[in-house]
Amino acid sequence: QVQLVESGGGLVQAGGSLRLSCEVSERAFNNYALGWFRQAPGKEREFVAVSTWRDVNHEYSDAVKGRFTISRDNAKNTLYLQMNSLYPEDTATYYCAADVLGVSSTNAADYDYWGQGTQVTVSS
């Protein structure tokens, strides 16, 4: 069974930082690409960041480039998203996801497994 369990969302003031965590089942963690997406009310789900198979490459959306960092803790089978210099526009539900092909995909439709989402709210 492939599972992804997220945590770490909350309320933060603009300019602040937050770290999201996604605990991933071992098979997915070691074999699949792992990505972060976000979705605000009334908007499409959008790509945020991805770590490819074996963490070979990272890719970020233009909106978060230079502010967010994706990383893995191999001992804990956990994916992280460190978010710094947060803006109110970053407010959304954040999801982690796994793609069995292991490539650097920015398309949500390419991902096979999803976490439940965690809410991030950035106040002005």
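## Quick notes on the overall build of the chain
Then, number 1: The secondary structure content of the chain amounts to one helix and eleven strands.
Then, number 2: Scanning the chain from its N terminus toward the C terminus, one meets helices and strands in the order β-β-β-α-β-β-β-β-β-β-β-β.
Then, number 3: A globule of 124 residues ought to have a C-alpha radius of gyration of about 14 Å, and the chain, at 13 Å, matches this closely.
Then, number 4: Its C-alpha atoms give the chain principal-axis dimensions of roughly 40 × 30 × 25 Å.
Then, number 5: Put simply, 59% of the contacts in the chain that link residues at least 6 apart link residues at least 24 apart.

## Things to note about the nonpolar core
Then, number 1: Leu20, Trp36, Val48, Phe68, Leu81, Met83 and Tyr94 are the most contacted members of the largest nonpolar core, which totals 29 residues.
Then, number 2: When contributions to this core are tallied by element, the ones reaching two or more residues are β3 (18-24), α1 (26-31), β4 (33-39), β5 (46-51), β7 (68-73), β8 (78-83), β9 (92-99) and β11 (118-123).
Then, number 3: Filtering out sequence-adjacent residues up to four positions away, valine 48 remains in contact with Trp36, Phe37, Arg38, Glu59, Tyr60, Ser61, Val64, Phe68, Leu81 and Tyr94.
Then, number 4: By size, the runner-up hydrophobic cluster in this structure holds six residues, among which are Ala33, Phe37, Phe47 and Tyr111.

What counts and how
Residues numbered from 1 in each chain as written. Predicted model: local features only at pLDDT ≥ 70, side-chain atom pairs only at ≥ 80, totals over all residues. Heavy atoms only, no water. Helix = DSSP H or I, 4+ residues; strand = E, 2+ residues; numbered from the N terminus. Rg over C-alpha atoms; globule rule 2.2 N^0.38 Å. Contact = heavy atoms within 4.5 Å. Core = buried A, V, L, I, M, F, W, Y, C linked by side-chain atoms within 4.5 Å. Buried < 20%, exposed > 50% of the residue type's maximum accessible area, 1.4 Å probe, protein only.

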